[in-house]
Every structure is written in structure tokens, then in C-alpha cells.
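Each chain is listed here by its residues.
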Amino acid sequence: GSVTIKVLIGIEKIGPGERMDLKLRLPLNRRLEYFAQGASLPILFRGDFMRMTALFVAPLLFFYLASCSVDSSDAPDSRGSLSNDVQPPVGIDAARNLPTDNKVAFFMGQDSTTLAEFESSVLANEEQSDFPMPSGVTLYLGFLPTDAHPNTAPEDATVYVGGIEGPPYDNSAGEVNFQATLAAYDARNGGEPVALAVGMHLSDSWNNCINQPLRAINDTGDADVGSASDPESTAFQWRYAIDRMIKWFDEQDRPVFLRIGYEFDGPWNCHNRQLYIGAFRYIKQRINDLGADGVATVWQAATYPNDGDPQYHFDASGGPDVVDRAQAIQDHYTDWYPGSEYVDWVGISFFAGTQYKEYQWSCQDESRPWTVAHVSPRMLQDGLAEFARKYGKPLMIAESAPQGMNVSKSTWSCVARRDDHLAGHGFADGAAMWNAFYEDYFAWIEENQDVVRSFAYINTNWQSQPRWACAPESDACPAGYWGDHRIQANDDLLERFKSKVEEELYRVTGFSTPL
């Protein structure tokens, strides 16, 4: 029978004696990939004549290969768990720390306290012995003055890496102890190292948003950060701490996903856009300079539906008068993008889905601007997935949970205040909770599996952590209302979650060799 062949030929700058590789994708009853890589094609000409020669040779080679007989019975299925209709964008296959066989890695987070509870109540529970082992864990780190807490930083350091250098620390949001958490999960994984996703905090919103950390990393020379050539300066000390952090990650012999200044466009972070881009590029360059090939950079957007203060350019919606909102979203992400040579993964926060007006954003009030959604979360999520496709980057759901839902109490609240006491704010059972968030969440992952290659779930009881807790019936919650997202707090929900991550798509057996 006939064979339909799609040919994608990209010819860029080819120098004398360099090799031209062609990749042919043949959609048979199972997709096959053939690579014309064996022979080098010496290109002897430069300029327009060289390009014309390459364009002439490429079709000849294509027709030669197309004429070859193809036996699909013995050919490997190169698509792994992807459906036959799903093609990863060009470039993703070469990404750093990519799960093998086109799978989606499952991370659990986001602090040592939460992860210890999940291990003891689920992974170590004989009744849950068949619960799939997460591919990795999520933790956070911060940079703190050495005189603030005991630490193991070098004597000449005035800034230390919290969570790594020294005893565990707890910023009222759960204890952070990298060594203990990784040791426990590695042991649970049969001694094999689990992957590590790290939120790297760079905001100083607590300090009137002066962006001192970003200015220090950029070595702006401002009076309060000094010069990076001066060991006593803030700029030097921040860069010194970043180098120690990267080296520590490199010594772990595990895939590391570094979320630099995570949720870069979140209004609460008040990052200066150009300073953020500069800091991201500097950190990626240091990763390369130090040879930390197992460390992948993650550029994580907040995908937050409220634009916030316009002076910080967090206007992802494009504003009330925008004509083409989808294009405005693409423009917003383009404005913040450090560049493909610096970004290994695109990251996303996912705290609400298509039912956001019924749950998380059900109490919008124009008199309180922070409660108003200027754009739907789904439009932002879809926009970022499209952005990842455009640039050939894998996408990580770096933070996710059904904000406002209290799994242990089977209730929900909007996020701007706490109203879970009201009539109609309860769930009948775990199935109702699943349908309110998780069904849509996993459907979105699978609809976008050409780019989505990992997701991290926050399995935390936020109400137990002072930083996030909100008193009952509060008219306003300082950090928004989060609730309790522990899947083990409801037996039915736990079983549904387990059944989902048992599916072949989420059964990751390894990560790509770092490039």
C-alpha cells in the first residue's frame, strides 16, 4: 500500500565540511523515525549559492529514502506513550532532563514537613503499598544573612543558602531540609536518586520591592549592592552563594530542575522585568561555566488571572481594551522571556481550571480590585503551552493544587476571603472533589502531552502553616485562602489520584542523559 510521508527539513547556517541531518517522520500503523545521518555531506559553497545547493541535495536524498521499502512489522514505536496523533515540537527531544519515552514525570511537594507526612501515611503505609513512587520531590530555598541563623556556609560568606547550608529552616511555611528529604525518598526509591525540583526565591517584596537580590546578581553597581569585584559587597556575596548552590546541585547526581525566580510575573513578587531577565541569564551562564549538566533551568510563569499593579508589567490579560487577547498573552510572555539559549523548561502554576468562576474566583468584587479575574486561568495556561510549542521547550506544571479546596473537610471557598462555612460550599464525596478540579487538571495535561512532560502537586495542609493560614469566616485572607490539599485526607480522592498516576503516561523509568 501507499505510505504517506511528512518531511520537515530545516536548513540554517551550514559551514564547509559540516554535516546536514534530515529527519523523516513516517506515520504508518505505528510511527517510525528514520535518520539520514550516516554520511557527511560536504558543503563547499557559502552564501546564497550554498543554500541553493543544500536545497537541491535535500529533496534528492528524501526521494531516495522514500523509495526504500519499509517493513513496519519490526520497526520500534518511537512515540512511547504518546498517541499516534501527537508529535512533540521540534527541539523538545533534545531538552535537558527530559523524562524518557515521552512520559510525564510526577513530583510531590512542597516542603520537608509535607513530604515526610506523605511518605509515612502513604508510601510507607502497607495498605497503600502499590501507590506509585513519585519521580521527584519539590523543595524551596532562600538566601539569608549568615548572622540570621546557624549555618555551614564558608567563613568568608555573609549570605548562605537556606535549606542546603546548615540546619533545617522554617519560614512559617513548613520545614525545609534538603538532605533529610532526599535521603528518605532515595531510600524509598530503592536507593536510586529521585529528581529534584527547586523553587529559587529572588523577590524582596518584604523590603518594599527594591529588587535588591536581582540588582546584586546583575551587578548594577548601586550603592546598596556594591561591585561584584569586592568580596565584601552584596553583589559578590549573592554570586558567591549562587555558585555554591549550583555546585551542591551538581554533586547530587540527580536531575535538578531549578525554577529561577519562580512565578516571575506574579504581582506579589514585584520583579523588575529587565533585572529578572538579566539574573536568569547570569544563573544559566554560571550553570554552564561550572559544568552542572544535570541542572535544568525552569522559567515559570504565575498564570495568575489578576494583572496586579500595572507598573510591574504583570498585565498578562493585555488590559480591558485589548482586541486580540490571545496575542496579548503571547506578547506578555515574549516580553519576559530570557531567550531559548537560557531556558531549558517552561514552567507554569496551575491552581484553577475551567470552573474557576464557580470556586476560586466566585467572589469577585469590583470595589476590591485584587478579587477580579481579568482573564481566565485556562486562557493563560493554553497560552503558555502554545508558547512552549513555539520555542520547542518542554513544559513543567511546577506548582499545582485546587486552591480554596479543603480535602479533609470536603469544603471549598473562594480565594479572596474564607467562605467555606456557607451553605452549598461542601462536597458530597471524593468524586465531587475530583470533578471540581482534578478531572479537568489531568485532562489538560493529556490534551497537551506534546509539551507537558512533568507536573508537581502540592500535597500540603496550608492551614497548618502560619504563612498561609486564614481564620474561619475571614473577609480577607492576607495570602489568599488555600485550604488543605492532602490527597490522603480523603480515601476516595486518594484512590482516584492513585489510579491516574498508575497510568502508563506517568510511569517514568528515567530521565535523558544531561546534554
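Residues numbered from 1 in each chain as written. Predicted model: local features only at pLDDT ≥ 70, side-chain atom pairs only at ≥ 80, totals over all residues. Heavy atoms only, no water.

*Asks:* How should helix α2 (residues 112–123) be read in this particular structure?
*Replies:* An α-helical turn contains 3.6 residues, so any two residues separated by three or four positions project in the same direction. Buried within α2 we find Ser 112, Thr 114, Leu 115, Phe 118, Glu 119, Val 122 and Leu 123. One side of α2 carries all its buried residues, which in axial view fall inside an arc of 160 degrees. Among the structural elements, β4 (105–109), β5 (136–145), β8 (175–176) and α3 (178–188) are those in contact with the buried residues of α2. Residue Asp 111 occupies the N-cap position of α2, its side-chain oxygen lying 3.0 Å from the main-chain nitrogen of Thr 113. (Buried < 20%, exposed > 50% of the residue type's maximum accessible area, 1.4 Å probe, protein only. Helix = DSSP H or I, 4+ residues; strand = E, 2+ residues; numbered from the N terminus. Arc of directions from axis to C-beta. Contact = heavy atoms within 4.5 Å. Polar contact = N/O pair within 3.5 Å; in protein donor to acceptor, adjacent residues only side chain to side chain.)

*Asks:* I tried to follow the pattern of salt bridges on my own but got confused; where do I start?
*Replies:* When charged atoms on two side chains of opposite charge get close, those side chains can pair. Under the criterion given, the structure shown has 24 salt bridges. With a closest N to O distance of 2.6 Å, Glu 165 and Arg 244 form a salt bridge. Of this pair, Glu 165 sits in the loop between β6 (159–162) and β7 (169–170) while Arg 244 sits in helix α5 (residues 234–250), and the two are 79 residues apart along the sequence. The residues Glu 165 and Arg 244 share a single accessibility class, namely buried. For Asp 335, the salt bridge identified is with Arg 273, shortest N-O distance 3.5 Å. Here Asp 335 is found in helix α7 (residues 325–336), whereas its partner Arg 273 is found in helix α6 (residues 273–289), with 62 residues between them in sequence. (Salt bridge = Lys/Arg side-chain N within 4 Å of Asp/Glu carboxyl O.)

*Asks:* When you look at the environment of Gln 285 in this model, what are you seeing that I'm missing?
*Replies:* Here Gln 285 is to be found in helix α6. The class of Gln 285 is partly exposed, set by a relative accessible area of 36%. Along the primary structure Gln 285 and Tyr 342 are separated by 57 residues, whereas in three dimensions their C-alpha atoms are 7.7 Å apart.

*Asks:* I'm lost on helix α8 (residues 377–391) in this one. Help?
*Replies:* Taking 1.5 Å of rise per residue, the 15 residues of α8 would be expected to cover 21 Å, and the 21 Å separating its terminal C-alpha atoms lies within 8% of that figure. Buried-residue contacts for α8 involve β11 (295–301), α7, β12 (345–350), β13 (395–400) and α9 (430–447). Directly beyond the C-terminal end of α8, a positive phi value near 65 degrees is found at Gly 392. (Expected span 1.5 Å × (residues − 1).)

*Asks:* I keep staring at the environment of Ser 367 and nothing clicks. Help me out?
*Replies:* Tracing the backbone shows Ser 367 in the loop between β12 and α8. Only 2.7 Å separates the side chain of Ser 367 from the side chain of Asp 365, close enough to count as a polar contact.

*Asks:* Please clarify how the packing of aromatic side chains should be interpreted in this entry.
*Replies:* Here the distance between the centres and the angle between the planes together describe a pair of aromatic rings. This structure, assessed with the given rule, holds 47 aromatic pairs. Aromatic pair Phe 264 and Trp 299: ring centres 4.7 Å apart, planes at 15 degrees, arrangement stacked. With Phe 264 in the loop between β10 (256–260) and α6 and Trp 299 in strand β11, this residue pair connects regions lying 35 residues apart in the sequence. According to the relative accessible area criterion, Phe 264 is buried, its value standing at 0%. Relative to Phe 387, the ring of Tyr 333 has its centre 6.1 Å away and its plane inclined at 65 degrees; by these criteria the two rings are edge-to-face. In this pair, Tyr 333 is assigned in helix α7 and Phe 387 in helix α8, connecting sequence segments 54 residues apart. (Phe/Tyr/Trp six-rings, centres within 6.5 Å; stacked < 30°, edge-to-face > 60°.)

*Asks:* What is the right way to look at the environment of Gly 426 in this model?
*Replies:* When you line up the elements, Gly 426 lands in the loop between β15 (411–412) and α9. Residues Gly 426 and Met 405, 21 residues apart in the sequence, show an inter-C-alpha distance of 9.4 Å. Ignoring sequence-local partners within four residues, the contact set of Gly 426 consists of Ser 410, Thr 411 and Trp 412.

*Asks:* For this particular structure, what's the right way to read the nonpolar core?
*Replies:* Note on soluble globular proteins: their nonpolar side chains tend to be buried together. Ranked by size, the top nonpolar core spans 120 residues in total, and within it Phe 249, Trp 299, Phe 455 and Phe 497 carry the most contacts. A per-element tally of this core places α9 first, with 9 residues. Setting aside residues up to four positions removed in sequence, Phe 497 forms contacts with Phe 106, Phe 131, Trp 434, Tyr 438, Phe 442, Phe 455, Tyr 457 and Ile 487. With 5 residues, the next largest nonpolar core counts Ala 352, Tyr 356, Trp 361 and Val 415 among its residues. (Core = buried A, V, L, I, M, F, W, Y, C linked by side-chain atoms within 4.5 Å.)

*Asks:* What exactly am I supposed to notice about the state of the cysteines here?
*Replies:* Put plainly, two cysteines are in a disulfide when a covalent bond ties their sulfur atoms together. Summed over the entire model, instances satisfying the criterion amount to 3 disulfides. Bridging Cys 209 to Cys 270, the disulfide has an S-S length of 2.0 Å. Handedness here is read from the sign of the S-S torsion; for Cys 209 and Cys 270, about -85 degrees, the answer is left-handed. Placement of the pair is Cys 209 in the loop between β9 (195–200) and α4 (212–218) and Cys 270 in the loop between β10 and α6, with a sequence separation of 61 residues. A sulfur-sulfur separation of 2.0 Å characterises the disulfide bridge that pairs Cys 363 with Cys 414. (Disulfide = S-S within 2.5 Å.)

*Asks:* Sorry if this is basic, but what is going on with a negative patch on the surface here?
*Replies:* Residues Glu 155, Asp 156, Asp 230 and Glu 232 make up a contiguous surface patch of negative charge. Residue position: Glu 232 is located in the loop between α4 and α5. (Patch = residues over 30% accessible without salt bridge, like charges linked within 9 Å, V, L, I, M, F, W, Y side chains within 5 Å. Areas by Shrake-Rupley, 256 points an atom, 1.4 Å probe, with all protein chains shown as cover. Lys, Arg positive; Asp, Glu negative; His and termini not counted. Charge placed at Lys NZ, Arg CZ, Asp CG, Glu CD.)

*Asks:* Can you help me understand the packing of α5 against α6 in this one?
*Replies:* Helix-helix packing: each pair is described by the crossing angle between the helix axes and the interaxial distance. Where α5 contacts α6, the two axes come as close as 10 Å, and the packing angle between them is 50 degrees. Regarding the angle of α5 to α6, the classification is oblique. Like other packed secondary-structure pairs, α5 and α6 cross with a definite hand, here right-handed. Along the contact surface, α5 presents Arg 239, Ile 242, Asp 243 and Ile 246, while α6 presents Tyr 282, Ile 283, Arg 286 and Ile 287. (Axes fitted to C-alpha atoms, helices over the stretch in contact; angles between N-to-C directions. Parallel < 35°, antiparallel > 145°, perpendicular 65-115°, else oblique. Left-handed = near helix turned anticlockwise from the far one by under 90°.)

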